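Examining the three-dimensional arrangement
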Amino acid sequence: LYVAGLNSNAIFRFTAANTAPSTFYSTSSVFPTSLAFDAKGNLFVGDASTNSILKITPTGIATTFATGVFVGTASSLAFDANGFLYVIDEAANSIYQYTPTGARTTVASGLAAPLAITFDQNGALWATLNGNGSIGSGSIVKFNGSTPTTFVSGLSEPEGIVIDGQGNVYESDLQTGNVFKFTSSAAQSTVASGLSSPRSLAFDRLGNLYIGEFGANRITRINVANGGSPAVYE
């Protein structure tokens, strides 16, 4: 598990056995927000200090992949199955696509405050939108090309989003402290509650859902496949 430590100027790595984390990459000039791996094991990092995206090789060598993009939240990067990187630019309310060589095109613009993106198993792009910033105006949308279709609306303050192998959508709600699950038909249930400003979400191969609690500087883990309860991971 790789974690962006925004205020630590570092990216941390946890083993499967959850031993003490090691520092994968660190420099005083980087403020890492969002992380995504490509198929070759290169880690792409949204750097809030320089409004850029870094590319870090498995051996820890960092280069600048793209500049001039405001990657501000914890789940603003995602790769599709073809190796193209998708990035949310919060300042522009847009989603960009980057080729492996760094060429950029605009996938969608004029969005209502996009915060996080992910892909489902069919290759469709999904995003959480914060709406106009007022509580209850958030939504989850699914894209057909550059056109978003609303999947659910009326969310308090949606942030992270992930989709499991059965097509269930998971969303972390910053304001309410909940993580919600939506079936493919948008039936809603609560996976976890009482969390402290949950933001980023990630699954491992065993069905464990990892939740970055921004308000508590901790990671919580829950095995949603077995109906487990949330427990502090780190």
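Keep in mind it's a predicted model, so treat the numbers as computed, not measured.

Read across the sheet, 4 strands follow the order β12-β13-β14-β15 without closing on themselves; strand pairing throughout is antiparallel. Every other strand in the sheet has two partners, leaving β12 (114-119) and β15 (147-155) as the edge strands with one partner each. Within this sheet the neighbouring strands show an average axis-to-axis angle of 20°, counted without direction. Examined bridge by bridge, strand β14 (residues 138-144) and β15 share 7 bridges and lie antiparallel to one another. Residue pairing for β15: K142 is matched across the bridge by T149.

Right, let's talk about the side chain of N9 for a bit. Structurally, the position occupied by N9 is in the loop between β1 (2-5) and β2 (10-13). Aside from chain neighbours lying at most four places away, what touches N9 is Y25, S26, T27, S28, V30, F31 and P32.

For the structure shown, the criterion picks out 12 aromatic pairs. On the numbers, 5.2 Å between centres and 80° between planes, the contact of Y170 with F203 is edge-to-face. Of this pair, Y170 sits in strand β17 (residues 169-173) while F203 sits in strand β20 (residues 198-203), and the two are 33 residues apart along the sequence. The buried category is assigned to Y170, whose relative accessible area is 2%.

This part takes up the sheet that holds β1. Pairing is antiparallel across the open sheet formed by 3 strands, whose spatial order is β1-β2-β3. Every interior strand has two partners, whereas the edge strands, β1 and β3 (22-26), have only one. Shown here is a sheet whose adjacent strand axes are inclined to one another by a mean of 30°, direction ignored. Note that β2 and β3 share 4 bridges and pair antiparallel. Bridge assignment links I11 to a residue of β3, and that residue is Y25.

In the structure shown here, the tally under the stated rule is 2 salt bridges. For E159, the salt bridge identified is with R199, shortest N-O distance 3.3 Å. A residue pair is termed long-range when its members are at least 10 positions apart, and E159 in strand β16 (residues 158-163) and R199 in strand β20 qualify at 40 residues. Pair check on accessibility: E159 and R199 agree, each one buried. One salt bridge connects E213 with R218, and the closest N-O pair in it is separated by 2.9 Å. Overall, the relative accessible area of 32% leaves R218 in the partly exposed class.

Structurally, F44 can be placed in strand β5 (residues 43-47). Sequence separation between F44 and L174 is 130 residues; the distance between their C-alpha atoms is 24 Å. Once you skip the residues sitting within four places of it in the chain, F44 turns out to touch S34, L35, A36, D38, I53, L54, K55, F65, L77, F79 and L85.

Counting buried positions along β17 yields 5 of 5 residues, so the element is predominantly enclosed. With burial as the criterion, each face of β17 is covered, one bearing V169, E171 and D173 and the other bearing Y170 and S172. Inspection of the sheet shows β17 paired to strand β18 (residues 178-182) by 5 bridges, in the antiparallel sense. From the neighbouring strand, Y170 faces β18, where its bridge partner is K181.

What counts as what
- Residues numbered from 1 in each chain as written.
- Predicted model: local features only at pLDDT ≥ 70, side-chain atom pairs only at ≥ 80, totals over all residues.
- Heavy atoms only, no water.
- Pairing = 2+ DSSP bridges.
- Helix = DSSP H or I, 4+ residues; strand = E, 2+ residues; numbered from the N terminus.
- Axes fitted to C-alpha atoms, helices over the stretch in contact; angles between N-to-C directions.
- Contact = heavy atoms within 4.5 Å.
- Phe/Tyr/Trp six-rings, centres within 6.5 Å; stacked < 30°, edge-to-face > 60°.
- Buried < 20%, exposed > 50% of the residue type's maximum accessible area, 1.4 Å probe, protein only.
- Salt bridge = Lys/Arg side-chain N within 4 Å of Asp/Glu carboxyl O.

So yeah, pure geometry; function would need other evidence.
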